[in-house]
Every structure is written in C-alpha cells, then in structure tokens.
Amino acid sequence: MRKRILVTGGAGFIGSHLCEKLLANGHEVFCLDNYFTGQKDNLLHLINNPYFELIRHDVTMPFYIEADEIYNLACPASPVHYQHNGIKTIKTSVMGAINMLGLAKRVKAKVLQASTSEVYGNPTTHPHPESYWGNVNPVGSRACYDEGKRCAEALFVNYHKQNNVKIKILRIFNTYGPRMHPNDGRVVSNFIVQALQNKNITIYGDGSHTRSFCYVDDVVNGMVDFMNTDDSITGPVNIGSPSDFPIIELAKKIIEITNSKSEFTFLSLPEDDPATRNPDISLIKKTISWQPKTSLEEGLTNTINYFKKTLKL
Ligand code: NAD
Ligand code: UDP
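Presented here is a report on the structure given in the accompanying data block. (Residues numbered from 1 in each chain as written. Chains lettered and ligands numbered in written order. Predicted model: local features only at pLDDT ≥ 70, side-chain atom pairs only at ≥ 80, totals over all residues. Heavy atoms only, no water.)

## Examining the overall build of the chain
Here's step 1: Each helix and strand counted, the chain has nine helices and 13 strands in total.
Here's step 2: At 19 Å, the chain has a C-alpha radius of gyration in line with the 20 Å of a compact globule built from 313 residues.
Here's step 3: Projected onto the principal axes, the alpha-carbon positions of the chain cover approximately 55 × 45 × 40 Å.
Here's step 4: Sorting the 313 residues of the chain into buried and exposed places 55% on the buried side.
Here's step 5: Restricting the contact set of the chain to residue pairs at least 6 apart, pairs at least 24 apart contribute 81%.
Here's step 6: Looking at the chain as shown, the accessible area adds up to about 13700 Å², and 50% of this sits on carbon and sulfur atoms. (Helix = DSSP H or I, 4+ residues; strand = E, 2+ residues; numbered from the N terminus. Rg over C-alpha atoms; globule rule 2.2 N^0.38 Å. Buried < 20%, exposed > 50% of the residue type's maximum accessible area, 1.4 Å probe, protein only. Contact = heavy atoms within 4.5 Å. Areas by Shrake-Rupley, 256 points an atom, 1.4 Å probe, with all protein chains shown as cover.)

## Things to note about the sheet that holds strand β2 (residues 28-33)
Sheet strands pair via backbone hydrogen bonds, and the direction of the pair is either parallel or antiparallel.
Here's step 1: Within the open sheet, the seven strands sit side by side as β3-β2-β1-β4-β5-β6-β11. Their pairing is parallel. On the outer flanks of this sheet lie β3 (52-56) and β11 (237-239), each paired with one strand and no other. Ignoring which end each strand starts from, the neighbouring axes of this sheet average 20° apart.
Here's step 2: Here β2 runs beside β3; their pairing, made up of five bridges, is parallel. By the bridge assignment for β3, D33 is matched with R56.
Here's step 3: Relative to strand β6 (residues 166-172), helix α6 (residues 216-227) is tilted by about 160°, and along the sheet it contacts β4 (69-72), β5 (110-116), β6 and β11. (Pairing = 2+ DSSP bridges. Axes fitted to C-alpha atoms, helices over the stretch in contact; angles between N-to-C directions.)

## A word on empty space enclosed by the protein
Here's step 1: Per the stated rule, a full pass over the model turns up one cavity of 30 Å³ or more.
Here's step 2: A volume near 30 Å³ is recorded for the largest cavity.
Here's step 3: As for the largest cavity, its lining consists of N72, A74, C75, T92, S93, Q113 and K149.
Here's step 4: Here the lining of the largest cavity is composed, by residue class, of two nonpolar, four polar and one charged. (1 Å grid on protein atoms, 1.4 Å probe; cavity = no way out; pocket = protein on both sides within 12 Å on 5 of 7 lines; lining within 4 Å. Points joined across faces, edges and corners; volume = space filled by probe spheres on them. Nonpolar A, V, L, I, M, F, W, Y, C, P; charged D, E, K, R; others polar.)

## What about helix α7 (residues 247-258)?
Here's step 1: The first and last C-alpha atoms of α7 sit 17 Å apart over twelve residues, in line with the 16 Å expected at 1.5 Å per residue.
Here's step 2: Turning to α7, its buried residues are I247, I248, L250, A251, I254, I255 and T258. The buried residues of α7 occupy one face: seen down the axis, they fall within an arc of 155°.
Here's step 3: On its buried side, α7 packs onto α5 (187-196), β8 (201-204), β9 (210-211), β12 (245-246), β13 (264-267) and α9 (296-310).
Here's step 4: Taken from the residues just after α7, N259 is the one with a positive phi, measuring 55°. (Expected span 1.5 Å × (residues − 1). Arc of directions from axis to C-beta.)

## With respect to the side chain of T258
Here's step 1: Secondary-structure assignment places T258 in helix α7.
Here's step 2: Those residues in contact with T258 that lie beyond four places of it in its chain are A195, L196 and I304.

## Here we look at the site of ligand 2
Here's step 1: Taken together, 18 residues sit near ligand 2, with V187, N190, T202, R211 and D273 positioned nearest.
Here's step 2: Residue N190 places a side-chain N or O atom 2.8 Å away from an oxygen atom belonging to ligand 2.
Here's step 3: T202 has a polar backbone atom sitting 2.6 Å from a nitrogen atom of ligand 2.
Here's step 4: Here ligand 2 loses 96% of its free accessible area of 520 Å² to cover by the protein chains.
Here's step 5: Across the shell around ligand 2, the residue classes tally to seven nonpolar, five polar and six charged. (Near = heavy atom within 4 Å. Polar contact = N/O pair within 3.5 Å; in protein donor to acceptor, adjacent residues only side chain to side chain.)

## With respect to α6
Here's step 1: The end-to-end C-alpha separation of α6 is 16 Å, in line with the 16 Å expected for twelve residues at 1.5 Å each.
Here's step 2: Most of α6 is tucked away: nine of the twelve residues are buried.
Here's step 3: Burial in α6 covers these residues: V216, D218, V219, V220, G222, M223, V224, F226 and M227.

## Considering the site of ligand 1
Here's step 1: As a matter of local geometry, ligand 1 sits amid 31 residues, with D33, T37, L73, Y145 and K149 nearest to it.
Here's step 2: A distance of 2.9 Å separates an oxygen atom of ligand 1 from a polar atom in the backbone of F13.
Here's step 3: Here an oxygen atom of ligand 1 and a side-chain polar atom of K149 are 2.8 Å apart.
Here's step 4: For the shell around ligand 1, the secondary-structure elements that each account for two or more residues are α1 (13-24), α3 (86-107), β5 and α4 (143-163).
Here's step 5: A per-element tally of the shell around ligand 1 places β5 first, with three residues.
Here's step 6: Grouping the amino acids of the shell around ligand 1 by side-chain chemistry returns 15 nonpolar, eleven polar and five charged.

## A word on the packing of aromatic side chains
Here's step 1: The final tally for this structure, using the stated rule, is seven aromatic pairs.
Here's step 2: Residues F264 and F266 carry aromatic rings whose centres are separated by 6.2 Å and whose planes lie at 75° to one another, so their mutual orientation is edge-to-face.
Here's step 3: Given the relative accessible area of 47%, F266 is considered partly exposed.
Here's step 4: Taken together through their ring pairs, the aromatic side chains of Y120, Y132 and F173 make up a single cluster.
Here's step 5: The residue whose ring lies beneath R2 is Y51, and the NZ or CZ to ring-centre distance is 3.7 Å.
Here's step 6: Here K168 stacks its cationic end above the ring of F226, 5.8 Å away from the centre of that ring. (Phe/Tyr/Trp six-rings, centres within 6.5 Å; stacked < 30°, edge-to-face > 60°. Lys NZ or Arg CZ within 6 Å of the ring centre and 35° of its normal.)

So this is what it looks like as structure tokens:
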C-alpha cells in the first residue's frame, strides 16, 4: 500500500537518504525543511518524481497535512551548527516535537523521533544500554541539543500515554556518509575534506576520545524497519555501530584511504565533549534483527568518493 509519509529535516544528510528510500519503497513523500543545514542539492535527483513534494517550512510553527507516518528529523545535528543559535535549537527540538505530535494525534499518524546518543551525555557506562539515564550537563554548551532531545523524548512518551499517539523513539549514534555538508564541522566530513586538500587534520584534544561510526544506509534501513514494527513497540531503541575507536585512528584511516600528505594539528577539546560513545545494540538486534552491514573501509571510501566529486578534488 502506498503510504503518505512526512519527513521533517528531509533536505539534510540523513533525511535526504530517508526520502530516497521511502520513494524507492513506493510511498508518497512530503519533505519539510527550512534549509538551515540542509540543501536542495541533496534532493535534486528526486524532484521530478510525482510522488515527492518539497515544503519550505519551519517545524517550530504548526503544520497540517494528511499523513500516515511522520519521521521527525528536523534539527541541526553538528555541534557547530546546533550551538550557533542554542535557543533556536531548543525551540526546534521541543516545539518541533509538540507540532509533529499534535499533527500525529490529529490525523492518527505514527510518528518516529530521530533522537540521539547525546541523551546519554558523557556516559559512565560502556557500552550504553537504553536503560542508562545519562550524564548530561544541563547548563553546558551542548545542553541546547542534549536537553532539547531529552525533552522531545519525554513529550513523545507523554503523548503516547495520554493520547494514544503511536510513537517510535530511535537513539541514533554517530552516522556518516555521502551528503554530509563539507562545512558541517563533524569529524568525518572535516577529516575527509582536510585529507583530500592535504591540509592539517584538526584533532581536538589528544585524539583519544572514542566514537563509533555507522554508515547512513544501515541507519536508514533500521529507521524504516523500526517504523514498521508493531504499535506496542515504542522504544527508545539505540541504533549505531557497536565498535568504537579513538578519533586519531579515524584520522589515520582516512589519511591511508585518501593517500593524503596531511599531518595532525592538535587543538583544544570543546567543552563537555563526551569521552566515549558506544551503543549497546542488543535491543534493536532483538526487535528488528538489525546490525550494521557496511564496513568502515567501504563506507569511508563511498564518502570520500562523494566529496571528491562534489568538491571537484
Ligand atoms: P542535518 O543537519 O544534515 O539535517 C537536519 C535537517 O533539519 C536539515 O535539512 C535542516 O535544514 C533541517 N532543520 C533544522 N532546523 C529546522 C527547523 N526548525 N525546521 C525545519 N527544518 C529544520 O543533520 P542529520 O545528520 O541529517 O541529522 C538528522 C536528524 O538525526 C537530527 O534530528 C539529528 O539530531 C539526528 N541525529 C543525527 C546523528 C548523526 O550522526 N548524523 C546522530 C544522532 C541523531
Ligand atoms: N573532532 C575532532 N576534530 C574535528 C571534529 C571533531 O577531533 O575536526 C572530535 C570531537 O572533539 C569529538 C569527535 O571528534 O570528540 C566527534 O565529533 P563530532 O562533532 O563529529 O560529533 P559528536 O559525536 O561530538 O557530536
């Protein structure tokens, strides 16, 4: 059956891959975006599809459409961008969630929240299961994003309990791939662009902080499968690669694949930068038999080829 699906933040990195996948699955897709960090270039190849519609709108304002499902991704995800206007980031997370939950309640749609590993803050467990409540600094520079996303989760759970809205909460860990913005400021895009230009690789701190990186196709497949689970399954559920490693190792790998002459520059570590990020994925494995399929080498190679082409390097 052809479903009518609203994707907020659909012009962004993950959102554009999700729109593509939902159209390929035979659905009608409404992509809502204010183009703060997203761009039409990510969607040019979809624009002539009669089942695809682009809507310029800010998710902090109410929006009405008949839809069967809503994927709520609208929110800047890079620390540089979400800290640029912290108040707006909080409004996007909180008012955006209220508006999308209100819409879901009105039209009886199922709604999936793109939550984040940031709800765990600087975790004291390793790996981090969904039952861990997190360790977030509520007044630090990452709080606008972390607390905004935590409040959005609370809103989702309460709309579900009070109003029977069908919800899905997915906690996404670091995701990378083609269509990351070259000036996005996140580590994978920064390192690849620097390596391709033989510029110094900017390591924040001593490079010992760890992250686990999951390729975008794997995350998008998991998002769609999770949306399609039974209504009794609400999450929160983690999604991401279970193998974490130090940032300096990522830099070395990217230098190796790009055959770059780049060297390292060590810069100060941003405030409250979590020391580690590693999802416990046993729940998503059990729920939808999900696990990442793309190796880091393969995913990085695809991403490097994308940047070579778009930046003409
Ligand atoms: P992105 O910045 O590329 O995409 C976000 C999109 O939302 C952009 O197109 C942007 O223009 C749009 N947007 C921002 N504010 C908006 C507003 N007020 N109204 C309408 N549109 C708005 O980021 P991404 O990496 O694609 O992340 C997508 C979602 O996934 C975000 O909600 C993010 O928090 C979540 N997430 C991403 C990651 C990751 O590693 N990429 C990890 C955890 C969670
Ligand atoms: N980082 C880095 N150099 C960069 C960008 C990021 O060393 O040019 C580090 C950053 O300090 C963090 C990790 O890489 O420890 C991941 O940062 P990113 O901004 O990609 O996402 P985060 O997981 O912090 O939200």
